[in-house]
Amino acid sequence: MEKYGCQVYAFDPSMNISDHHRSEWIHFYRIALDSEDSEVWNGRPGVKSRTLESIYKMLNSGNGDGNDGIIDYLKIDVETAEWRVLPQIVESGMMDKVKQLSVEIHL
């Protein structure tokens, strides 16, 4: 996606690496997507979880990257948390900012 000029934001709290920019186009954050904002994730203090709305606000708080406010493609793989994350995303109104949604479902 970088070759097509797309900004890519990856979020994975399970990797033991800190936030970083792999390139001008690829950005990594050690944050979990969840249904509420917290400073504890899966019993691990200091590992943040945030709602999609909070992540969106964080990324659009004056970073000047030319983002038009639309998430072109949102891929969610949150290992069973999708059952609480998806309703929260819908209720928050954030789906209005998402063009395409891909979700890995865990039963």
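Keep in mind that what you see is a predicted model, and the values were worked out from it rather than measured.

A. Inspection of the packing of aromatic side chains at higher detail. Overall, the coordinates contain one aromatic pair when judged by the stated rule. Look at F11 and Y29: their rings are 5.3 Å apart centre to centre, the planes differ by 15 degrees, and that puts the pair in the stacked class. A residue pair is termed long-range when its members are at least 10 positions apart, and F11 in strand β1 (residues 8-11) and Y29 in strand β3 (residues 26-29) qualify at 18 residues. What makes Y29 buried here is its relative accessible area of 14%.

B. Seen up close, the layout of surface pockets. Considered as a void within the structure, the largest pocket measures approximately 1300 Å³ in volume. When residues of the lining of the largest pocket are traced back to their parent elements, those giving at least two are β1, β4 (31-33), α1 (52-59) and β7 (71-76). Ranked by the residues each element gives to the lining of the largest pocket, the list is headed by β7, at six residues.

C. Expanded view of the nonpolar core. By size, the foremost hydrophobic cluster in this structure holds 16 residues, and its most contacted members are L33, L52 and I71. Mapped by element, the contributors of at least two residues to this core are β4, α1, β7 and α2 (82-92). Looking at this core, the element that brings in the most residues is α1, giving four residues.

D. Focus on the environment of H20. With respect to the secondary-structure elements, H20 resides in strand β2 (residues 20-21). What H20 contacts, discounting residues up to four positions off in sequence, is H27 and F28. There is a polar contact of 2.9 Å between the side chain of H20 and the backbone oxygen of S18.

Procedures and definitions
- Residues numbered from 1 in each chain as written.
- Predicted model: local features only at pLDDT ≥ 70, side-chain atom pairs only at ≥ 80, totals over all residues.
- Heavy atoms only, no water.
- Phe/Tyr/Trp six-rings, centres within 6.5 Å; stacked < 30°, edge-to-face > 60°.
- Helix = DSSP H or I, 4+ residues; strand = E, 2+ residues; numbered from the N terminus.
- Buried < 20%, exposed > 50% of the residue type's maximum accessible area, 1.4 Å probe, protein only.
- 1 Å grid on protein atoms, 1.4 Å probe; cavity = no way out; pocket = protein on both sides within 12 Å on 5 of 7 lines; lining within 4 Å.
- Points joined across faces, edges and corners; volume = space filled by probe spheres on them.
- Core = buried A, V, L, I, M, F, W, Y, C linked by side-chain atoms within 4.5 Å.
- Contact = heavy atoms within 4.5 Å.
- Polar contact = N/O pair within 3.5 Å; in protein donor to acceptor, adjacent residues only side chain to side chain.

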